[in-house]
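Below are the chains, spelled out letter by letter.
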Amino acid sequence: MAILNQPFQGQLGDILKNELTLNYKSFTIFSAFAKNSGVLRLKKSIEKFSVSGGRIRAFIGIDLDGTSYEALLNLFYLCDELYVIHSENFSTTYHSKIYLLENSKKAWCAVGSNNLTGGGLWTNFESCSIQTYGLPDEKSELEAIYSVIDKYTDPSYLCSAKIRTIEDIDTLLNANYISKEADQKMDAARKRINQKGKQKRNHLFGTEKISIPTIVSVQTFRTTFAGVKEPDKDLNVAPDPAFTNEQFWFEMRKSTGGSRNILDLSKLGQIEAGTVAGTPYEYSDPKRMYGGIKFFGIDPEDISREKNITINYLGKDYYPSTIKFAPNNGSWRIQLKGSPNDNSEELSKYGNRGDFVNKILVFEKINTDYYVLSLLDEWELDRIKLLSRVWARNGSGISSKAYGML
């Protein structure tokens with residue numbers, strides 16, 4: 001295949017997932033932008049590639065707020081080597097998009113416009129050239145790529161930085177080179193609000209309907225591996241069975257539970273601003289909406305239900321976090337716990353040390369049993385309310401905890 005025009009001749013994300021199952025030994029990524037929507041959809045394929053002996057190296061741009069903090073965290077754990085590229089020259093943007101797979105006999109290379117995002121790899125109109133090369137005879141055809149790898153990996157080159165620790169990514173966040181996906185979503189909402197008065201009244205174009213794959217969760221993988229299939233009673237709460245990038249936020253305050261890792265959820269909430277009309281959270285009373293429990297794919301009235309989910313936090317998958325109804329206080333809750341695959345600290349230990357207390361917890365739904373968690377400071381509550389599609393309170397009083405949908 002010489003030229004791929006996505007989505008008409010396929011989607012690069014699906015092609016990459018297939019190529020990663022073949023007998024390549026190295027995978028090199030150049031991408032101007034990286035978001036969890038792309039990284040997490042390739043995660044399982046990359047992990048399997050790594051387990052089979054493959055090495056992964058990525059060169060990611062951090063310009064134009066196109067790369068998220070969470071995406072870099074996940075890439076850090078997926079890659080053998082991770083670099084970020086940036087020039088302090090205002091007029092210069094790192095904009096490369098190259099995906100290179102190699103072994104001793106063959107190379108496969110895609111060069112085009114596809115970023116490491118859900119849009120870039122699946123849903124956007126994109127174009128790229130895909131070529132294969134016989135090695136070592138055609139190695140010279142790839143010299144231009146090898147030379148830029150040498151450039152970016154040279155410690156003396158000041159526009160490239162190797163990410164050696166999580167603290168390096170935190171430094172980028174604290175210096176405002178990157179931002180969290182919740183902040184990026186709020187910025188997008190702000191722009192949407194500002195542009196509302198300029199929106200066209202009549203549409204002059206049609207809509208291209210493009211599918212995007214859901215992500216197999218760690219829970220599904222483990223139950224299948226063990227030979228036991230957990231009954232699937234999840235509600236189809238998303239308007240589209242594909243990933244919809246739904247994000248709900250919850251005010252934590254002091255938290256409950258000895259480990260300070262329990263987030264209270266609600267069956268219903270009192271709407272303070274916005275509307276849920278036409279969404280799965282619409283309730284018979286227009287002044288109310290279904291609570292956070294439905295966001296996690298559970299019927300609010302099915303109080304006998306208990307569900308374990310996987311939470312991706314700071315680049316690691318933690319399983320199981322348990323959602324269940326607490327009869328003593330008559331409310332739903334989620335226990336933020338579970339172990340990562342590398343046997344490091346459990347998620348509950350972050351609660352023990354107070355990381356979740358007085359924070360806003362933002363969950364991004366990947367599918368109904370896999371969520372990405374990020375934290376915002378409590379002082380951002382007014383901002384996130386203003387930029388939410390809808391927000392409500394768990395109870396009728398003004399002191400009730402707030403939650404909403406970005």
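So, here is what we can say about the structure in this document. Predicted model, so just to flag it, every value in this text is computed and none were measured. (Residues numbered from 1 in each chain as written. Predicted model: local features only at pLDDT ≥ 70, side-chain atom pairs only at ≥ 80, totals over all residues. Heavy atoms only, no water.)

**Describing the overall build of the protein**
Scanning the protein for helices and strands turns up 11 helices and 19 strands. Per-residue burial for the protein yields a buried fraction of 51% across its 406 residues. As displayed, the protein offers around 19600 Å² of accessible surface, 50% of which is attributable to carbon and sulfur atoms. (Helix = DSSP H or I, 4+ residues; strand = E, 2+ residues; numbered from the N terminus. Buried < 20%, exposed > 50% of the residue type's maximum accessible area, 1.4 Å probe, protein only. Areas by Shrake-Rupley, 256 points an atom, 1.4 Å probe, with all protein chains shown as cover.)

**With respect to the packing of aromatic side chains**
Counted according to the given criterion, the structure contains 25 aromatic pairs. With a centroid separation of 6.2 Å and an interplanar angle of 25°, the aromatic rings of Phe 250 and Phe 296 are classed as stacked. A residue pair is termed long-range when its members are at least 10 positions apart, and Phe 250 in strand β9 (residues 247-251) and Phe 296 in the loop between α9 (292-295) and β13 (306-313) qualify at 46 residues. Judged by its relative accessible area of 3%, Phe 250 falls in the buried class. Ring geometry for Phe 325 versus Trp 332: centroids 5.6 Å apart, planes at 75°, classification edge-to-face. Given the relative accessible area of 16%, Phe 325 is considered buried. Aromatic rings pair up to connect Phe 248, Phe 250, Tyr 281, Phe 295, Phe 296, Phe 363, Tyr 371 and Tyr 403 into one cluster. (Phe/Tyr/Trp six-rings, centres within 6.5 Å; stacked < 30°, edge-to-face > 60°.)

**So, the sheet that holds β9**
One open sheet holds the 11 strands; their spatial order is β10-β15-β14-β13-β17-β16-β9-β19-β18-β11-β12, and the pairing between them is mixed. The strands lining the two open edges of the sheet, one partner per strand, are β10 (262-265) and β12 (288-290). Averaged over all adjacent pairs, the angle separating strand axes in this sheet is 35°, with direction ignored. Here β10 pairs with strand β15 (residues 331-335) via 4 bridges, running antiparallel. Residue pairing across strands places Leu 265 opposite Trp 332, the latter belonging to β15. Set on the sheet, helix α2 (residues 36-51) makes contact with β13, β14 (316-326), β16 (359-367) and β17 (370-377); between it and β17 the angle comes to about 145°. Sitting on the sheet, helix α7 (residues 181-194) touches β9, β16 and β17, and the angle it makes with β17 is about 80°. (Pairing = 2+ DSSP bridges. Axes fitted to C-alpha atoms, helices over the stretch in contact; angles between N-to-C directions. Contact = heavy atoms within 4.5 Å.)

Scope: geometric values only; no functional claims are made or implied.
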